[in-house]
Amino acid sequence: MARGGLIIFDYLLDESEDMHSLLLTDSSMLLVGGLQNHILEIDLNTVQETQKYAVETPGVAIMRQTNRFFFCGHTSGKISLRDLRTFKVEHEFDAFSGSLSDFDVHGNLLASCGFSSRLTGLACDRFLKVYDLRMMRAITPLQVHVDPAFLRFIPTYTSRLAIISQSGQCQFCEPTGLANPADIFHVNPVGPLLMTFDVSASKQALAFGDSEGCVHLWTDSPEPSFNPYSRETEFALPCLVDSLPPLDWSQDLLPLSLIPVPLTTDTLLSDWPAANSAPAPRRAPPVDAEILRTMKKVGFIGYAPNPRTRLRNQIPYRLKESDSEFDSFSKVTESPIGREEEPHLHMVSKKYRKVTIKYSKLGLEDFDFKHYNKTLFAGLEPHIPNAYCNCMIQVLYFLEPVRCLIQNHLCQKEFCLACELGFLFHMLDLSRGDPCQGSNFLRAFRTIPEASALGLILADSDEASGKGNLARLIQRWNRFILTQLHQDMQELEVPQAYRGAASSSFCSSGDSVIGQLFSCEMENCSLCRCGSETVRASSTLLFTLSYPEGSNSDKTGKNCDFAQVLKRSICLEQNTQAWCDNCEKYQPTIQTRNIRHLPDILVINCEVNSLKEADFWRMQADVAFKMAIKKHSGEISKNTELALADWKELGSPEGMLRCPSIEELKNVWLPFSIRMKLTKNKGLDVCNWTDGDEMQWGPARAEEEHGVYVYDLMATVVHILDSRTGGSLVAHIKVGETYHQRKEGVTHQQWYLFNDFLIEPIDKHEAVQFDMNWKVPAILYYTKRNLNSKYSLNIKNPIEASVLMAEASLARKQRKTHTTFIPLMLNEMPQVGDLVGLDAEFVTLNEEEAELRSDGTKSTIKPSQMSVARITCVRGQGPNEGIPFIDDYISTQEQVVDYLTQYSGIKPGDLDAKISSKHLTTLKSTYLKLRFLIDIGVKFVGHGLQKDFRVINLMVPKDQVLDTVYLFHMPRKRMISLRFLAWYFLDLKIQGETHDSIEDARTALQLYQKYLELSKNGTEPESFHKVLKGLYEKGRKMDWKVPEPEGQTSPKNAAVFSSVLAL
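Fair warning: this is a prediction, and the values are worked out from it, not measured in the lab. (Residues numbered from 1 in each chain as written. Predicted model: local features only at pLDDT ≥ 70, side-chain atom pairs only at ≥ 80, totals over all residues. Heavy atoms only, no water.)

Enquirer: I tried to follow the sheet that holds strand 28 (residues 585-597) on my own but got confused; where do I start?
Expert: The strands that make up a sheet pair up through hydrogen bonds in the backbone, lying either parallel or antiparallel. Reading across from one edge, 25-24-28-27 is the order of the four strands in this open sheet, with antiparallel pairing throughout. For this open sheet the edge positions go to strand 25 (533-540) and strand 27 (573-580), each flanked by a neighbour on one side alone. Within this sheet the neighbouring strands show an average axis-to-axis angle of 35°, counted without direction. (Pairing = 2+ DSSP bridges. Helix = DSSP H or I, 4+ residues; strand = E, 2+ residues; numbered from the N terminus. Axes fitted to C-alpha atoms, helices over the stretch in contact; angles between N-to-C directions.)

Dropping the structure here:
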């Protein structure tokens, strides 16, 4: 039954005679015993028998459970102790010769009462049998003064026993002491006998049930607590038969059927003729916003969890149209976790929510990224560890001088963030709307000790649950990446193999270009109270906002421009303890900061890390909103709202500028432009700058000669607060003309929202609107006007042909006898359109995370993280056709979970430089070789190259990929394995025990030659279609399995392989 008295379900036991005992082992499992030789286990969730335990001694009348045993009391007088897992008998007590009445267990004691056999029949035994469960033997029996029928331990202060007789006598005593007749009480039952007795879980109440159906409740206090965490009891509603409830006519939803109406044949007054009435059906209520937010579509059917905001099968109708007219900010959908706790959860716009990739059997192939990104710019995938920095990578990419500088950089360091970032920027350049992933960049990021020391590397569990403070994390990451790029650019030692990088127009003999772009030269002055002053020159790559003290205590709304706060943060003045050489001890000093030179790119960390800073932003936005209204419409009373006609007047053509709408003025404190000027006395003037100011002061470029600079907002990174997903980071970026010219062939500027792989154009006001309930600013990027004109934006590919030349192996045991490839000669350098057979093998770094749905299907939450372990490239033409010129095993410093030897051929130790006998290289070295081949324009031939390039983290133009898995594929049919294709077309049996990348790459080349032969170089598609139909028919007959080899032949035994050995 339910707590309200309603029956939830009935269950009929077919083989049971008479049930005596029930035991709830946990919240959903129930043991049932009776006068039969078995005990049933029933699952309350599914209402099914899950187990049947045989009982050697039939007749289980009582069952108890502790953390050690199940206790079964039998009608024969025995008590058996059974194992909790197997239900086998561990021990047995022969308590009474007649029958068992009751027993209870507490701690190490078991007390029982029952009946003994006499000449005249059964007689109630006044001796309680007590057993010690530590030694599994009986101790001194306890004599009582009543006829015991029921007993319970009441462990409050001591382990007291309550012994109850059927006549209503109650005695309390200690199980190891003597019973005192003075401790006997009497219960006055309505019926002649007591039938049951129990003690509440809190031990504060005793309940007696008599034969007349009455329950007697004894307590030790007027308001006892029956359970440790009790809820109010739900009683069944009384039957309303004799009386009618009062009717409240003010309630629109009152059911009129409660009014008794006599049976009549006359026309009712409410039955109006059709000519005088019109049907007004109730409109269906809108679907709950939470249901729409969490809905997952399968075909045309949507599935969503029940938010449980309303009672089951009850939907209130709004009869008045005015009820549905409400402001979206004043009404918040009820949340299951409480409206008062997180009212901002449902304010988060859908495009700002954390996006996730839905994986299927095909992985990512059928995931529609175009639904999230209809532009030609590339997003970034979020499932990689530490991908929280995706938004900042996009910000750096859309800074044109930074992008060109990074792509021109190349050094010899294995893990160089600048190199890896340049490779990633190259992929973003090549992409036409498809998302990229920064796996190699993040792999190098995880190997840098400073990143780990700063706490920038998140564990997978922390990243998934959102435990880390993403706003602080991305601001620390911002400082770290600028410092790291600055250091990488300062290293001028460039080896001969990478000599192309040094010829970049950015390189100079002095400071790095990152320093020229971001560095701000300052003077730090320390003034001691003794009068001595110390001046020290320094530089910084970014500034942190410093807010006025007590800013949130003044609720009147004091106006404070962003320019004032920025000036206070740049020219910081603070009192600290510092060492004074004159006083020769630590003294209170006044430290001030003066600016010598302003940066070209002004980077600001907002440091909104507490409610104090958030309230300051909120208050300043409110003040700015009121001032904007006054500016456009004159003085307005605080308690008077603007009429619609007043706002229409604001947009009249009398003004020079378009009047913004009221929505554009909300939550805005940040200016789009600021004007900064260095004064002659080393001071700094900062003010907000608008388009109207340019008409008054003149073009900003003309004033730069006098030390006046105008900075335009280029990007804002914000922290989205959403406790359901742990929050996320997104970026608003103003994409410049050069990017639009390259990607879309148009010349204009536009603001975009970058939320991992979701990219959407937005209005510029949305980039500076911060609703502090869910959208908190983290990082701001301002750039000088006409920044691109000061730097050369030419990109020269720094990768040269020398990367394909022979190189030493990292493995100490590698010898020439183990060499499996021949490097390219100078006369063999690939040209545009040359064929190269490619295959790669992988190992697993992290296992796949998946869950089983209720319908039995598997849902992939997070795919397995793979790492490339071996890359092989084979010549596709020339006298040495089929001979590999790259066969690199990739050294890895990360822990390998599974080497996948059966599918990859990689064995433990092959990737370890200390014990490997393979040609071992770094991932960066092999990556440069593949990048050179891509840039030179070769065509890669392979089987399943899409996955290979994805794991290697390469973006290859589609016209340079010849994938045999698609060449030999019919639409809406299954993909065919390389092993089956090689057997069917080439009569080769490959991949016997393990996979070999040389064998697979060479086989793919031969299959491509076979494709050209069968399709007549693609000129006869109909004849080739017949060949494919025969292939699929043969595959279905053989269940796509290659017959067992009799005389196995493979490319290794072919004549082309003998030429490799000869060479």
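And the narrative resumes.
Enquirer: What am I meant to see in the sheet that holds strand 4 (residues 48-54) here?
Expert: Taken together, four strands build an open sheet; the order of strands is 1-2-3-4 and the sheet is antiparallel. Across the chains shown, the open sheet's two edge strands, defined by having one partner strand only, are strand 1 (19-24) and strand 4. On average, each strand axis in the sheet is tilted by 25° relative to the strand beside it, whichever way the strands run. Relative to strand 4, strand 3 (residues 38-43) runs antiparallel, the two sharing six bridges. Paired with Ile39 across the two strands is Tyr53, which belongs to strand 4.

Enquirer: Whenever I open this one, helix 21 (residues 978-986) confuses me. Can you help?
Expert: It helps to recall that an α-helix has 3.6 residues per turn; residues three or four apart then point in one direction. Taken as a whole, helix 21 has its buried residues at Leu978, Phe980, Leu981, Ala982, Trp983 and Phe985. Elements in contact with the buried residues of helix 21: helix 20 (964-967), helix 22 (997-1014) and helix 23 (1021-1037). After helix 21 finishes, the residue Asp987 shows a positive phi value of roughly 55°. (Buried < 20%, exposed > 50% of the residue type's maximum accessible area, 1.4 Å probe, protein only. Contact = heavy atoms within 4.5 Å.)

Enquirer: Mind showing me how you'd approach the nonpolar core here?
Expert: Nonpolar side chains in soluble globular proteins generally cluster together in the buried interior. Counting 104 residues, the largest nonpolar core has Tyr388, Ile474, Trp477, Phe518, Tyr781 and Phe940 as the members making the most contacts within it. Membership of the second largest hydrophobic core comes to 55 residues, among which are Phe369, Val686, Tyr709 and Met772. (Core = buried A, V, L, I, M, F, W, Y, C linked by side-chain atoms within 4.5 Å.)

Enquirer: What's the story with a nonpolar patch on the surface in this structure? I'm lost.
Expert: On the surface, a cluster of nonpolar side chains totalling about 600 Å² of accessible area is made up of Leu247, Trp249, Leu256, Leu258, Ile259 and Val261. Here Val261 lies in the loop between strand 21 (215-219) and helix 1 (289-294). On the basis of relative accessible area, Val261 is assigned to the exposed category, the value being 61%. (Patch = residues over 30% accessible without salt bridge, like charges linked within 9 Å, V, L, I, M, F, W, Y side chains within 5 Å. Areas by Shrake-Rupley, 256 points an atom, 1.4 Å probe, with all protein chains shown as cover. Salt bridge = Lys/Arg side-chain N within 4 Å of Asp/Glu carboxyl O.)

Enquirer: How should the environment of Cys436 be read in this particular structure?
Expert: Mapping Cys436 onto the fold places it in the loop between helix 4 (417-430) and helix 5 (439-447). Distance in space between the C-alpha atoms of Cys436 and Met955 is 7.9 Å, their sequence separation being 519 residues. Those residues in contact with Cys436 that sit more than four places away from it in its chain are Ala378, Gly379, Leu380, Glu381, Met427, Leu428, Ser431 and Met955.

Enquirer: Would you explain the pairing of strand 21 in this entry?
Expert: As a general feature of sheets, a regular strand has side chains that alternate between the two faces. Pairing of strand 20 (residues 205-210) with strand 21, which is carried by five bridges, proceeds in the antiparallel orientation. Its bridge partner lying in strand 21, Leu206 is registered against Trp218. Connecting strand 20 to the antiparallel partner strand 21 that follows it, the hairpin turn spans four residues, and Gly213 within it adopts a positive phi of roughly 85°.

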